[in-house]
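One letter stands for each residue in the lines below.
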Amino acid sequence: MTTKKRPRMSFDSAIVDVWRRELGQLSSWNFANRLAASEDLVLRLDVLRKLDRHRGCVNTVCFNASGDVLVSGSDDRRIILWDWESGRVKLSFHSGHANNVFQAKMMPYSEDQSIVTCAADGQVRHAQIRECGVETKLLAEHEGRVHKLAIEPGSPHIFYTCGEDGLVQHIDLRTERATRLLTCQPLLRHSFFRNLHLNAITIDPRNPNLFAVGGSDTFARVYDIRKYKWNGSSEFGQPADFFCPSHLVDDKSVGITGLAYSSQSELLVSYNDEFIYLFTKDIGLGSNPSISSQVSDSSDVGGLTTDNLWESSFSNAEDNIKAAPQSYIGHRNSETVKGVNFFGPKCEYVVSGSDCGRIFIWNKKGGKLVRVMEADKDVVNCVETHPHATVLASSGIENDIKMWVPKAIDKAILPANIQKTTPKSGGWMHRMVSPEDLMLQLISFPRQRTGSENNRNLSSDRSDLLQLLLTFDTNSDDGSADDSDTAVVAEDCPS
């Protein structure tokens, strides 16, 4: 005799969790985590308020460690600290930068008094909030724009920067000294630039010795800081691992705009004119997928030409890929340098902005698209996740910041026109390197104090840039920016 199973009750999982918690079957800590990761809450995200005080595009938003303060930076070169729950401005001050602020972050364990910033002027600065003012100091410089910085987890002193000059720097606030760790070289031998333009850097939270960088080629490079000899006695330029989807290994038109590490050491990589991919540690290409990158075009090694090495090494790279990474599709990443992020207490979701002015949210496991939210009239560049709660902050081309909390009464459904996109642009170089960008890079070269060898390289790079600049059909004149102010800037505290 067979017995029929009783049908399961169709209660919402959140209600079941409340019942289990009351019966002691679910701890308060697990209950909070499960609730924060609930898809029910994700489907009820709605705009709590708009934070509107900047006078330009908001390029960066970041929560402090406790999540009660949001820091933002903008094209107006100002830094604003927000009490985002009330919408009140706690502090606003000039960053000291001479051009658009690209990222601003609070250093941990500093009582929110220490903020590091980077910008389009190539500067990296440190703002210290005093009792009656704000002091900003120049810490380091890059040749060209500096898009991102990464803070060593748990450290109030150490962070890294990367720039379009391919340089990665390690900065210690205790000494206010920047150490030039490495300059990334492109693997593709036909790359016009000698150095890789870097757009993103991130540190593994489970192993802070590892950091990843990405830029104008398809490879995410992971480095181990333990291999660096602080006395400069050895070369640090070789990555510990490379990550790239197999079909993008030799694609010269695609690059990386955003990187993020999960709490499980998974690496999230966002590509322009492509998708977002999730890599686990075991599906990398190894430490040397292309030996041809280290050989000049005219060299001959063991009877093999560089072309032979090129074909052989990348064939090996494709063979070494053990499994395909998880992909996340539906958004559009073409017009700007967009970040990417994890969402949820255990990184259960992946979030990204889009050229269509929307926020996209996927399940990390399986890549299912669960939510699409209208967030900007033009482009969404930044989506920052709260460290503890189901809260998002987003910004883009508009001058405001939108705070998202699960307050909607009805669950959202996916829109019918998800593929609302703009026409595809003409490739990575055409989109990311405008005549204005090249002119800014050209202007920035004389400001650097370098040795004789570097001066020879810079002279060659200047010639390359001028040659490329002449290929653009443009009638616009580029005004030169004023020299950046490296003096201490002080402002009064708000009353």
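Thresholds applied
- Residues numbered from 1 in each chain as written.
- Predicted model: local features only at pLDDT ≥ 70, side-chain atom pairs only at ≥ 80, totals over all residues.
- Heavy atoms only, no water.
- Helix = DSSP H or I, 4+ residues; strand = E, 2+ residues; numbered from the N terminus.
- Buried < 20%, exposed > 50% of the residue type's maximum accessible area, 1.4 Å probe, protein only.
- Contact = heavy atoms within 4.5 Å.
- Areas by Shrake-Rupley, 256 points an atom, 1.4 Å probe, with all protein chains shown as cover.
- UniProt positions renumbered as here; feature names shortened; annotations may be inferred.
- Phe/Tyr/Trp six-rings, centres within 6.5 Å; stacked < 30°, edge-to-face > 60°.
- Core = buried A, V, L, I, M, F, W, Y, C linked by side-chain atoms within 4.5 Å.
- pLDDT = per-residue confidence, 0-100.
- Pairing = 2+ DSSP bridges.
- Axes fitted to C-alpha atoms, helices over the stretch in contact; angles between N-to-C directions.

## Some words on the overall build of the protein
Argument step 1. If you tally the helices and strands in the protein, you get seven helices and 30 strands.
Argument step 2. When the 495 residues of the protein are sorted by exposure, 54% land in the buried category.
Argument step 3. For the protein, contacts bridging at least 24 residues in sequence account for 56% of all contacts bridging at least 6.
Argument step 4. As displayed, the protein has an accessible area near 23300 Å², and 48% of this comes from carbon and sulfur atoms.

## Digging into the UniProt feature "repeat: WD" (unreviewed entry) in the protein
Argument step 1. UniProt records the feature "repeat: WD" (unreviewed entry) for residues 51-92 and 373-404 in the present numbering.
Argument step 2. Taken end to end, residues 373-404 comprises 0% helix and 53% strand; its first and last C-alpha atoms sit 10 Å apart.

## Considering the environment of Cys62
Argument step 1. Within the secondary structure, Cys62 sits in strand β2 (residues 58-63).
Argument step 2. Put simply, Cys62 and Thr385 are 323 residues apart on the chain and 8.1 Å apart in space, counted from C-alpha to C-alpha.
Argument step 3. Other than its neighbours up to four places away in sequence, Cys62 contacts Val69, Leu70, Val71, Ala104, Lys105 and Glu384.

## Regarding the packing of aromatic side chains
Argument step 1. As enumerated under the stated definition, the model contains 10 aromatic pairs in all.
Argument step 2. Between the aromatic rings of Phe219 and Phe242, the centroid separation amounts to 6.0 Å while the plane-to-plane angle is 90 degrees, which identifies the pairing as edge-to-face. With Phe219 in the loop between β15 (210-215) and β16 (220-224) and Phe242 in strand β17 (residues 241-243), this residue pair connects regions lying 23 residues apart in the sequence.
Argument step 3. In this structure Phe219 comes out as buried when scored by relative accessible area, which is 0%.
Argument step 4. Judged by its relative accessible area of 3%, Phe242 is buried.
Argument step 5. Their ring planes at 55 degrees and their centres at 5.6 Å tell us that Phe243 and Phe279 sit as a pair that is tilted. One end of the pair, Phe243, is in strand β17; the other, Phe279, is in strand β20 (residues 276-279), and 36 residues separate them in sequence.
Argument step 6. An aromatic cluster is defined as three or more aromatic residues linked by ring pairs; in this entry it consists of Tyr160, Phe211 and Tyr223.

## What about the nonpolar core?
Argument step 1. Counting 23 residues, the largest nonpolar core has Leu259, Leu267, Val269 and Tyr271 as its most contacted members.
Argument step 2. Elements supplying a minimum of two residues to this core: β15, β16, β17, β18 (256-261), β19 (267-271) and β20.
Argument step 3. When sequence neighbours within four positions are dropped, the list of residues in contact with Leu267 reads Thr202, Ala212, Ala220, Val222, Phe243, Leu259, Ala260, Tyr261, Tyr277, Leu278 and Phe279.
Argument step 4. Counting 18 residues, the second-largest nonpolar core is a separate cluster that includes Val168, Leu196, Ile203 and Val213.

## A look at the confidence of the model for the protein
Argument step 1. Summing up the model confidence of the protein, the mean pLDDT is 80 and the portion of residues at 70 or higher is 72%.
Argument step 2. Segment residues 1-11 is flagged for pLDDT under 50; beyond a separation of four residues in sequence, or across chains, it makes one contact in the model.
Argument step 3. Taken together, the stretch residues 291-318 has pLDDT below 50 and engages in 36 contacts with residues farther than four places along the chain or on a different chain.

## Regarding the sheet that holds β2
Argument step 1. The four strands are arranged β2-β3-β4-β5 in an open sheet whose pairing can be described as antiparallel. Every other strand in the sheet has two partners, leaving β2 and β5 (88-94) as the edge strands with one partner each. Each neighbouring strand pair of the sheet contributes to a mean axis angle of 20 degrees, computed without reference to strand direction.
Argument step 2. In terms of strand pairing, strand β3 (residues 70-74) meets strand β4 (residues 78-83) through four bridges, oriented antiparallel. Within β4, the position partnered with Gly73 by the bridge is Ile79.

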